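# Chain and residue survey
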Amino acid sequence: MNPDENLSRREFLAASSIALGAAAAVGSKASAAAAAEPAKLALHGGAKAVVERLPKLVRWGGPEKGRLDAMLGQDTLFYWKGPQTTLLLDRFRKICPLPQAMSCSSGTAALHIAVAAAGIAPGDEVITSPITDIGTVIGVLFQQAVPVFADLGRNTYNLDPADVERRITPRTKAIIAVHLAGNPCDLDALKSIAARHKLVLIEDCAQAWGALRGGKPIGTEGDVACFSLQNSKHVTCGDGGVVASGDPAIGRKLQQFGDKGMDRLGKGGLFETFATNYRMSEPQAAVAAAQMERVESIVETRSRLGRLLSDELAGVKGVELPRIRDEDRCSFWFYMLRVRPEALRCDRTEFVKAIAAEGAPASEGYIPVPLYGNPVFQNHGFFAGRWPLKEMGLTDMDYTKVSCPEAESILKTCFRLTIHEGMTESYVRSMAAAVRKVADHYAS
Ligand SMILES: *Cc1c(COP(=O)(O)O)cnc(C)c1O
């Protein structure tokens, strides 16, 4: 027998009596005294705040099987005019209504295609976030352009438009706005900066499937939208991506930059541009097409649970909550908070360990360092240990000198709680109770 099951009844009773005690505290001297008694942390042998089991997430099933069956009945599995790819892109456009869309092998591929199709040239600068997957900038570097990292908002963890503007130079050609954890960036400000400086605005929506900015689908405000279907994202086909645009000049090129430079929309035959092969085959497209039908309900649930968690955590001492505008819908790919070390009598490691001990799915930090802090950037060793662009004098970028103080501070103080569509509201309330209990214990 699982020892957790053995304990759960006793823990449940203990936890609910604490909750009852707190609820009845007003007007009852006895329970007021009980409530004033701080609950013993699970880390120190007390009862856990989370007694429900983390519900198992079912991510695929009948609809995916149906599409895979249909796919196996085809006599070709090639993407071009393939029925699964066609269905995937039709369904994608219902989520993100952009006329030109191309399926591809990953989110990294989508971003590389976007940068290439936008005409980013050697030596051009592309401003983006230092807290993201490295896939955001892989394509920038492969096109011999220069990622320039700008600082972030303290509680949005997204690009700070004022800092973006400060980092613009005559070489700046694009901004890649990363909607971290699915929280929409300040697109009004970024769009107006892009318009004023004639920059291309690329949206990295890898974590933002189903998110809305105002009422608008994420990806529809910039010039190009890039999505990932990698396994860790909330919809997936194992590995895959979609890149899309409403700009006819860019949109027309998405297909050829994902397909060896061959313009299948035009005459074909000749290789007009230099590109790589980022095609997605029909088996992936079959699974991805089925997953598109799940986006709305997955994100509706995640958004409701994430909002609930924020409501439940409002006013908790020692932590800072993520800032999500009321009018936006965040996909809560994760729920990230920050500790306020000056308001706690413990460090982040102990704080998060105590929350996890309460039974809540909590983990410390996100990526270990901002992108520019990684060895490959610090050594400028992108191409066989060298960076031809710098050797040729086309950039004076020195990643050892880059500083984004807020991003660095975010990574030193952040921790994440899991939100997923399999969770119940009561589970999320108990997660919040875990954080509250630990924060009460350590608040100074
Ligand atoms: C996952 C991710 C990517 C890269 O997507 P892959 O499909 O893994 O290549 C890019 N940007 C962000 C923000 C991501 O989360």
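Here, every reference points to the structure presented above.
Residues numbered from 1 in each chain as written. Predicted model: local features only at pLDDT ≥ 70, side-chain atom pairs only at ≥ 80, totals over all residues. Heavy atoms only, no water.

### What to know about the pattern of salt bridges
- Per the counting criterion, the structure on display carries 30 salt bridges.
- The salt bridge partner of Glu 221 is Lys 216, with a shortest N-O separation of 3.6 Å.
- The closest approach of N and O atoms between Arg 429 and Glu 312, which form a salt bridge, is 3.5 Å. Within this pair, whereas Arg 429 is found in helix α16 (residues 425-442), its partner Glu 312 is found in helix α11 (residues 295-313), the two being separated by 117 residues in sequence.
- Residue class for Arg 429 comes out partly exposed when judged on its relative accessible area of 37%. (Salt bridge = Lys/Arg side-chain N within 4 Å of Asp/Glu carboxyl O. Helix = DSSP H or I, 4+ residues; strand = E, 2+ residues; numbered from the N terminus. Buried < 20%, exposed > 50% of the residue type's maximum accessible area, 1.4 Å probe, protein only.)

### Brief notes about the packing of helix α3 (residues 62-72) against helix α10 (residues 282-292)
- With their axes 8 Å apart at the nearest point, α3 and α10 run at an angle of 150° to one another. Crossing angle aside, the handedness with which α3 passes α10 is right-handed. Across the interface between the two elements, Pro 63, Glu 64, Arg 67, Leu 68 and Met 71 of α3 pack against Glu 282, Pro 283, Ala 286, Val 287, Ala 289, Ala 290 and Gln 291 of α10.
- Along the lines of polarity and charge, the residues of the contact of α3 with α10 split into 8 nonpolar, 1 polar and 3 charged. (Axes fitted to C-alpha atoms, helices over the stretch in contact; angles between N-to-C directions. Left-handed = near helix turned anticlockwise from the far one by under 90°. Contact = heavy atoms within 4.5 Å. Nonpolar A, V, L, I, M, F, W, Y, C, P; charged D, E, K, R; others polar.)

### Details of the pairing of strand β13 (residues 414-417)
- Neither face of β13 is left uncovered, since the one carrying Cys 414 and Arg 416 and the one carrying Phe 415 and Leu 417 both have all their residues buried.
- Sheet analysis places strand β12 (residues 362-364) next to β13, joined by 3 bridges and oriented antiparallel. Following the sheet pairing, Glu 364 is matched in β13 by Phe 415. (Pairing = 2+ DSSP bridges.)

### What to know about the site of the ligand
- As a structural note, the neighbourhood of the ligand is formed by 14 residues, with Gly 107, Thr 108, Asp 204, Ser 228 and Lys 233 the closest of them.
- Gly 107 has a polar backbone atom sitting 2.8 Å from an oxygen atom of the ligand.
- Between the ligand and Lys 233 there is a distance of 2.9 Å, counted from an oxygen atom to a side-chain nitrogen or oxygen.
- Relative to its unbound accessible area of 380 Å², the ligand is 92% covered by the protein chains.
- Examining the composition of the shell around the ligand, we find that 3 residues originate from one element, helix α5 (residues 107-117), more than from any other.
- Grouping the amino acids of the shell around the ligand by side-chain chemistry returns 3 nonpolar, 8 polar and 3 charged. (Near = heavy atom within 4 Å. Polar contact = N/O pair within 3.5 Å; in protein donor to acceptor, adjacent residues only side chain to side chain. Areas by Shrake-Rupley, 256 points an atom, 1.4 Å probe, with all protein chains shown as cover.)

### Overview of the sheet that holds strand β8 (residues 224-228)
- Spatially, 7 strands are ordered β1-β9-β8-β5-β4-β2-β3 in an open sheet, and the strand pairing comes out mixed. Of all the strands in the sheet, the pair left with one neighbour each is β1 (100-104) and β3 (146-149). Each neighbouring strand pair of the sheet contributes to a mean axis angle of 20°, computed without reference to strand direction.
- Two elements, β1 and strand β9 (residues 241-245), share 5 bridges in a ladder whose sense is antiparallel. Bridging across to β9, Ala 101 finds its partner in Ala 244.
- On top of the sheet, α5 reaches β1, β4 (172-178), β5 (200-204), β8 and β9; it is set at about 165° to β8, its chief contact.
- Those strands touched by helix α9 (residues 248-258) are β1, β5, β8 and β9, and its axis lies near 20° from that of β1.

### Focus: the nonpolar core
- Ile 131, Phe 149, Tyr 366 and Tyr 399 are the most contacted members of the largest nonpolar core, which has 44 residues in total.
- At the level of elements, α6 (135-142), β3, β4, α8 (187-197) and α15 (405-413) are the ones that each hand at least two residues to this core.
- Those residues in contact with Tyr 399 that sit more than four places away from it in its chain are Val 146, Pro 147, Phe 149, Tyr 372, Phe 377, Gln 378, His 380, Phe 382 and Trp 387.
- Counting 36 residues, the second largest nonpolar core, distinct from the first, contains Leu 41, Val 339, Ala 434 and Tyr 442. (Core = buried A, V, L, I, M, F, W, Y, C linked by side-chain atoms within 4.5 Å.)

### With respect to unusual backbone geometry
- Backbone geometry at Tyr 157 places phi at a positive 60°, although glycine is not the residue there.
- Take Tyr 157: it is sitting in the loop between β3 and α7 (161-166).
- With relative accessibility at 4%, the residue Tyr 157 sits in the buried group.

### A word on the side chain of Glu 421
- Secondary-structure assignment places Glu 421 in the loop between β13 and α16.
- Residue classification places Glu 421 among the buried residues on the basis of a relative accessible area of 19%.
- At a separation of 2.8 Å, a polar atom in the side chain of Glu 421 contacts the side chain of Arg 302.
- Residue contacts for Glu 421: discarding those within four places in its chain leaves Leu 57, Ile 298, Thr 301 and Arg 302.

### So, the packing of α3 against helix α4 (residues 83-95)
- With their axes 11 Å apart at the nearest point, α3 and α4 run at an angle of 145° to one another. Contacts between α3 and α4 involve Arg 67, Ala 70 and Met 71 on the former and, on the latter, Gln 84, Leu 87 and Arg 91.
- In the contact of α3 with α4, the residues fall into 3 nonpolar, 1 polar and 2 charged.

### What to know about the sheet that holds β13
- The strand order β10-β11-β13-β12 describes an open sheet built from 4 strands, whose pairing is antiparallel. The two strands at the open ends of the sheet, each matched to only one other strand, are β10 (319-320) and β12.
- Relative to strand β11 (residues 335-339), α11 is tilted by about 25°, and along the sheet it contacts β11 and β13.

### Considerations on helix α12 (residues 348-357)
- Inspection of α12 places Arg 348, Phe 351, Val 352, Ala 354 and Ile 355 among the buried residues, and these make up the whole buried set. Projected onto a plane normal to the axis of α12, the buried residues spread over an arc of 155° and lie on a single side.
- Following α12 by one or two positions, Gly 359 adopts a phi angle in the positive range, close to 100°. (Arc of directions from axis to C-beta.)

### Comments concerning the side chain of Asp 124
- Within the secondary structure layout, Asp 124 lies in the loop between α5 and β2 (125-128).
- Residues within four places of Asp 124 in sequence aside, it is in contact with Gly 119, Ala 145, Val 146, Arg 171 and Lys 173.

### Brief notes about the state of the cysteines
- As enumerated under the stated definition, the model contains 0 disulfides in all.
- Cysteine Cys 226 shares no disulfide, and the gap to the nearest cysteine sulfur, in Cys 205, comes to 7.1 Å.
- Relative accessible area serves as the criterion here: at 1%, Cys 226 is assigned to the buried category.
- Not part of a disulfide, Cys 346 finds its nearest cysteine sulfur in Cys 414, a span of 15 Å.
- When its relative accessible area of 12% is taken as the criterion, Cys 346 is described as buried. (Disulfide = S-S within 2.5 Å.)

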